[in-house]
2 protein chains.
Amino acid sequence: MNKSLEELLKEYELYKNKGLSINIARGKPNKEQLDLSNGLFKVLDENTDFIDETGNDVRNYGELTGTKECKHLFSDIMSVNEQNIIVCGNSSLNIEFELISASMSHGVKGSTPWNKLEKVKWLCPVPGYDRHFAICEYFGIEMINIPMTIDGPNMDMVEEYIKDPLVKGIWCIPVYSNPTGITYSNEVVERFAKLKPAAKDFRIYWDLAYVVHHLYNGYNDEIINLLDEAKKYGNEDMIYMLASTSKITFAGAGVAALAASDNNIKEIADNMKYQIISYDKVNQLRHALYFKEHSLEEHMKKHAEIIRPKFESFLKALEEIEDIAWFTKPNGGYFISLFVKEGTAGKVIQRCKECGLTLTDTGCAYPYHKDPSDSHIRIAPTYLEVDEIEAAAKILTLSVRIEYLLNN
Amino acid sequence: MNKSLEELLKEYELYKNKGLSINIARGKPNKEQLDLSNGLFKVLDENTDFIDETGNDVRNYGELTGTKECKHLFSDIMSVNEQNIIVCGNSSLNIEFELISASMSHGVKGSTPWNKLEKVKWLCPVPGYDRHFAICEYFGIEMINIPMTIDGPNMDMVEEYIKDPLVKGIWCIPVYSNPTGITYSNEVVERFAKLKPAAKDFRIYWDLAYVVHHLYNGYNDEIINLLDEAKKYGNEDMIYMLASTSKITFAGAGVAALAASDNNIKEIADNMKYQIISYDKVNQLRHALYFKEHSLEEHMKKHAEIIRPKFESFLKALEEIEDIAWFTKPNGGYFISLFVKEGTAGKVIQRCKECGLTLTDTGCAYPYHKDPSDSHIRIAPTYLEVDEIEAAAKILTLSVRIEYLLNN
């Protein structure tokens, strides 16, 4: 019933000559999604009272840890008390970078600065987020692969590795993980809460990038609150939580925040005061006031309505290769992970490229860009126009099957 | 003709009982100044075409080094080519922090990372900007005082100290310097351009914080362009230029940029890509479009009209103590430096505090908060209401004279 290699190659050649240029490499919102938040431009005008709840003019210097109004917004998003939140600029990745940078140069809660240690190691659930791994690479931190299961990272391995005092942290995207789209089970979250690492300055980077980014009504992945759970075991200082509105409002002009224990908030603010006088509180107020008037939940449903059809079309098209490949069917987030025959992912990506379909480079979702089995492909369908999906999926599935046959 | 100590103390007691609360500690714009830029809120609306000159949607990810439009704005402010500019977030202080942080962890243009050296030393023209010195303190960089003259830093000392390969940089605010308000002479700029430091990774941090912040029409301090001058001597890689709109538009929600040589821009962007995906380009576009429609020069004249009377009143009041103190009379910027009798600055500041007048702590304008002669007081009159000036100046001058007499 399946087509022959010859037929497939003939079909593939047709696409090759179409001069297409389609990009499913990055998790970028499309124009229609960005337009959803244009109301932000109406929130503030010349008649605004720019004095925030704390009594400060948001246009001026001051309030290093952010405006109260915006802390309230992130309190809703992250389910953490306002006093445990610091609101920063437009990028949670940047907050993560700064936290690790400060740990390298100054240590964590009085520990030896990491740059004074012979080595620093880091646990990296794989496949994972390339920009997380890039931060480790920048600082020369040795990355250790932790395979992802459908419940989250392999916790047996995590619990084993943290016995090494040089292991100082782990990257986690617990809800609609990048790129698998899976959500950690509550059992996994519990095991994180209970960890007793050899390194007192071990930190869990709990990146809630997609925590409110559900695709289907009534099928929302939800997890228990790690900070609350960890408190039960005296472990609350072990956690840095991150979130942003990058995929809620504007990818490039949103607001990002971190949540942490009382001790950690104090330490982080103490370091921050050397870095900046204050972040952009006008944009913080803009976001806070907007979501006072607009339900965040309804807003996210509008996003879902735009991107759900793209996910559905892509997933439908992938069924074509279900006999030779495996892929995730996420309930939210920005990505689908496709696992093809071992040793062929790089070839598939190259083959797609020749038809004008850009995917992230092979290994992008792995430390050092090395996918040990050369089988993972990350699919980011959001930026595509609906009418591009068919061609993109067709090129991809054709390429997967061709490489499967060529390498059998 | 001068009043007796007894009379002065009696007068002082009157102020002490007035329950005043006046703050001239920080260089903050006042509400009236912030209101000048409220037009920024009208620049963008739902009908805006968010596609910038490069073809990117400013609301989305991308364009790590900033929008072309905003580079053009800073090209005007800094007199540097657009391709030698990177536009970042809302804080030039933050850019400076990041540059030093990267130098500490990764070195400069392939040099040994500074955190691997036995010691790093830094030249600090004094009095200077406390937040600059705080960055050095944070990174454990040893600071060396370089006295300021009315032409800029003592260049004989600078030329001598840079023979030490551990001396890696110098802070400069060449136009309307914080806090003296003086502008470097062109001869001083020339000598900077010609420097041949022993350390190949020595950098001049040329902070143009007040470059367009003139107080008087027709009395604009101007300097020759250091980057152009340095090029003549093959020294262009030695310079990092900084600027921001913090005191042009909103202190807390402006845009900041750096300018540097081709080599440096490449290196800095290479490091930046680990830190952030892109800065807030919406705010960049907002600023760029606003100053396409509004003359920056006229805009700055409006600032001058608001703050000039405050400087004038304060300077007029200071004449009262001209026989026992010395003070700068800047043509722009945000500060006046007052030098009182040696050993009395701290006491004057404390005495002012008791009347409800807050000044920055003694020594704030010196590395390690140590004013060697305990004589400098920084005055920041901009945030004051005009009707507060008289009381503020009176309390200050009274305190200066009382402490002069008490310590004679």
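Keep in mind it's a predicted model, so treat the numbers as computed, not measured. Residue numbers restart at each chain and count upward from 1, following the sequence in its written direction. Each chain takes a letter, starting from A, and each ligand takes a number, starting from 1, following the order in which they are written. For a predicted model such as this one, the threshold for reporting local features is a pLDDT of at least 70, and the threshold for listing and counting side-chain atom pairs is 80 or more; totals across whole chains, interfaces and linings nevertheless cover every residue.

Participant: Can you help me understand the overall build of chain A in this one?
Facilitator: Tallying secondary structure elements over chain A gives 14 helices and 13 strands in all. The atom set for the radius of gyration is the C-alpha atoms, and the globule formula is 2.2 Å times the number of residues raised to the power 0.38. For 408 residues, the compact-globule estimate of 2.2 N^0.38 gives 22 Å, and chain A sits close to it at 22 Å. Field definition: a residue is buried when 20 or more other C-beta atoms are found within 10 Å of its C-beta, exposed when 12 or fewer are, and partly exposed for counts in between, with C-beta atoms placed from the backbone. Among the 408 residues that make up chain A, the fraction classed as buried is 56%. Taking as baseline every contact in chain A between residues at least 6 positions apart, the subset at least 24 positions apart corresponds to 75%. Numbering of helices and strands runs from the N terminus, with a helix taken as a DSSP run of H or I at least four residues long and a strand as a DSSP run of E at least two residues long. A residue pair is marked as a contact if its C-beta atoms, positioned from the backbone, fall within 7 Å.

Participant: I tried to follow helix α11 (residues 281-293) of chain B on my own but got confused; where do I start?
Facilitator: An α-helical turn contains 3.6 residues, so a residue and the one three or four places further along point in the same direction. Residue and element names in this part refer to chain B. Taking 1.5 Å of rise per residue, the 13 residues of α11 would be expected to cover 18 Å, and the 18 Å separating its terminal C-alpha atoms lies within 8% of that figure. Burial analysis of α11 places ten of its 13 residues in the buried class, the great majority of the element. Along α11, the residues classified as buried are Lys281, Val282, Asn283, Gln284, Leu285, Arg286, His287, Ala288, Tyr290 and Phe291. Looking at the buried residues of α11, the elements they touch are α3 (40-43), α4 (68-78), β2 (85-87) and α12 (296-318). Any helix carries an expected span of 1.5 Å times its number of residues minus one.

Participant: What should I look at first to understand unusual backbone geometry in this one?
Facilitator: In terms of backbone geometry, most residues other than glycine have negative phi values and most peptide bonds are trans. For the peptide bond that leads from Val126 of chain A to Pro127 of chain A, omega is -5°, which places it in the cis range. Note on placement: Pro127 of chain A falls in the loop between β3 (121-126) and α6 (130-138). In this structure, Pro179 of chain B follows Asn178 of chain B across a cis peptide bond, with omega equal to 5°. On the secondary structure map, Pro179 of chain B appears in the loop between β6 (167-172) and α8 (186-194). The backbone phi angle of Lys109 of chain B is positive, close to 50°, even though this residue is not glycine. Residue placement: Lys109 of chain B occurs in the loop between α5 (92-106) and β3 (121-126).

Participant: So what exactly am I meant to see when it comes to the domain arrangement of chain A here?
Facilitator: A common way to report how large an interface is uses the accessible area buried once the components associate. All names here are of chain A. An automatic or database domain assignment is the source of the domain bounds shown. Along its sequence, chain A is organised into domain 1 (5-27 + 298-406) and domain 2 (49-293). Facing 23 residues of domain 1, the contacting portion of domain 2 comprises 24 residues. Looking at the side of domain 1 that touches domain 2, the elements that each hand over two or more residues are α12 (296-318), β11 (336-339) and β13 (376-379). Looking at which element gives the most residues to the side of domain 1 that touches domain 2, the answer is α12, with six residues.

Participant: Help me understand helix α8 (residues 186-194) of chain A, please; the structure alone is not making it clear to me.
Facilitator: Residues and elements named next belong to chain A. Turning to α8, its buried residues number three or more, namely Val188, Val189, Phe192 and Ala193. For α8, the arc enclosing every buried residue in end-on projection is 145°, short of the 170-degree limit, so these residues lie on one face. Against the buried residues of α8 lie β5 (152-153), α7 (155-161), β7 (203-207) and α9 (226-232). The directions from the helix axis to the C-beta atoms are what the arc is built from.

Participant: Just to check I follow, could you spell out the interface of chain B and chain A for this structure?
Facilitator: The partner chain A presents 45 residues to the 44 residues of chain B that form the contact. For the side of chain B that touches chain A, the secondary-structure elements that each account for two or more residues are α2 (31-35), α3, α5, α6 (130-138), α10 (262-275) and α11 of chain B. Per-element accounting of the side of chain B that touches chain A gives the leading share, six residues, to α5 of chain B. Under the scheme applied, nonpolar residues are Ala, Val, Leu, Ile, Met, Phe, Trp, Tyr, Cys and Pro; charged residues are Asp, Glu, Lys and Arg; polar residues are all the others, including Gly. In the side of chain B that touches chain A, the residues fall into 21 nonpolar, 14 polar and nine charged.

Participant: So what exactly am I meant to see when it comes to the sheet that holds strand β10 (residues 326-327) of chain B here?
Facilitator: Sheet strands pair via backbone hydrogen bonds, and the direction of the pair is either parallel or antiparallel. Strands qualify as paired when DSSP identifies two bridges or more between them. With antiparallel pairing, three strands are arranged side by side in an open sheet as β10-β11-β13 (chain B). Each having just a single partner strand, β10 and β13 (376-379) of chain B make up the two edges of the open sheet.

Participant: Any chance you could explain the sheet that holds strand β10 (residues 326-327) of chain A here in plain terms?
Facilitator: Residues and elements named next belong to chain A. Read from one edge of the open sheet, three strands run β10-β11-β13, paired in antiparallel fashion. In this open sheet, the two edge strands, each paired with only one partner strand, are β10 and β13. As judged from the four bridges shared by β11 and β13, these two strands associate in the antiparallel manner. If you follow Leu338 over to β13, its bridge partner there is Ile377.

Participant: How should I be thinking about the relation of the copies chain B and chain A in this particular structure?
Facilitator: The two chain copies are related to each other by a rotation about an axis together with a translation along it. Each copy is superposed on the other by least squares, with the fit set by C-alpha atoms of residues at a pLDDT of at least 70 in both. At an RMSD of 0.0 Å, chain B and chain A line up after a rotation of 180° and a shift of 0.0 Å along the axis. The operation mapping one copy onto its partner corresponds to a two-fold rotation axis. The residues that chain B uses at the interface reappear at the interface of chain A in 100% of cases, marking a shared surface.

Participant: I would appreciate a short explanation of the pairing of strand β11 (residues 336-339) of chain B in the present structure.
Facilitator: In the case of a regular strand, side chains alternate between the two sheet surfaces. Pairing of β10 of chain B with β11 of chain B, which is carried by two bridges, proceeds in the antiparallel orientation. Its bridge partner being in β11 of chain B, Phe327 of chain B is matched across the sheet by Leu338 of chain B.

Participant: Sorry if this is basic, but what is going on with the nonpolar core here?
Facilitator: Within soluble globular proteins, side chains that are nonpolar tend to cluster in buried spots. The biggest cluster of nonpolar side chains holds 261 residues, and the ones touching the most others in it are Met241 and Ala257 of chain A together with Met241 and Ala257 of chain B. Beyond its immediate stretch of four places on either side in the chain, Ala257 of chain B contacts Phe74, Ile85, Ile86, Val87, Cys88 and Ala243 of chain B. Here, a nonpolar core denotes buried Ala, Val, Leu, Ile, Met, Phe, Trp, Tyr and Cys residues that are linked to one another through C-beta atoms within 7 Å.

Participant: What exactly am I supposed to notice about the packing of helix α13 (residues 345-354) of chain B against helix α14 (residues 386-406) of chain B here?
Facilitator: Relative orientation and spacing of two packed helices are given, respectively, by the angle between their axes and the distance between those axes. Residue and element names in this part refer to chain B. Closest axis-to-axis distance for the α13/α14 pair is 9 Å, and the angle between their directions is 135°. Relative to α14, the element α13 lies oblique. α14 is crossed by α13, and the crossing has right-handed handedness. Between α13 and α14, the contacting residues are Lys347, Val348, Arg351 and Cys352 on the first element and Ile395, Leu396, Ser399, Val400, Ile402 and Glu403 on the second. Think of each axis as a best-fit line through the C-alpha atoms, taken over the contacting stretch in the case of a helix, with angles from 0 to 180 degrees between the N-to-C directions. These descriptions rest on fixed angle ranges, namely under 35 degrees for roughly parallel, over 145 for roughly antiparallel, 65 to 115 for roughly perpendicular, and the rest for oblique. The sense of a crossing depends on the near helix, which, turned anticlockwise from the far helix by less than a right angle, makes the crossing left-handed and, turned clockwise, makes it right-handed.

Participant: How should the pairing of strand β4 (residues 142-149) of chain B be read in this particular structure?
Facilitator: Residues and elements named next belong to chain B. Inspection of the sheet shows β3 paired to β4 by six bridges, in the parallel sense. Note that in β4 the partner of Lys121 across the bridge is Glu142. Crossover handedness is defined by viewing with both strands directed away from the observer: a clockwise path from the first strand over the helix to the second marks the crossover as right-handed. Of the crossover connections in this fold, the one passing from β3 over α6 to the parallel β4 is right-handed. With two bridges joining them, β4 and strand β5 (residues 152-153) adopt antiparallel strand pairing. Across the sheet, residue Met148 finds its bridge partner in β5, namely Pro153. Turn length for the β4-β5 hairpin, with the two strands adjacent in sequence and antiparallel, is two residues.

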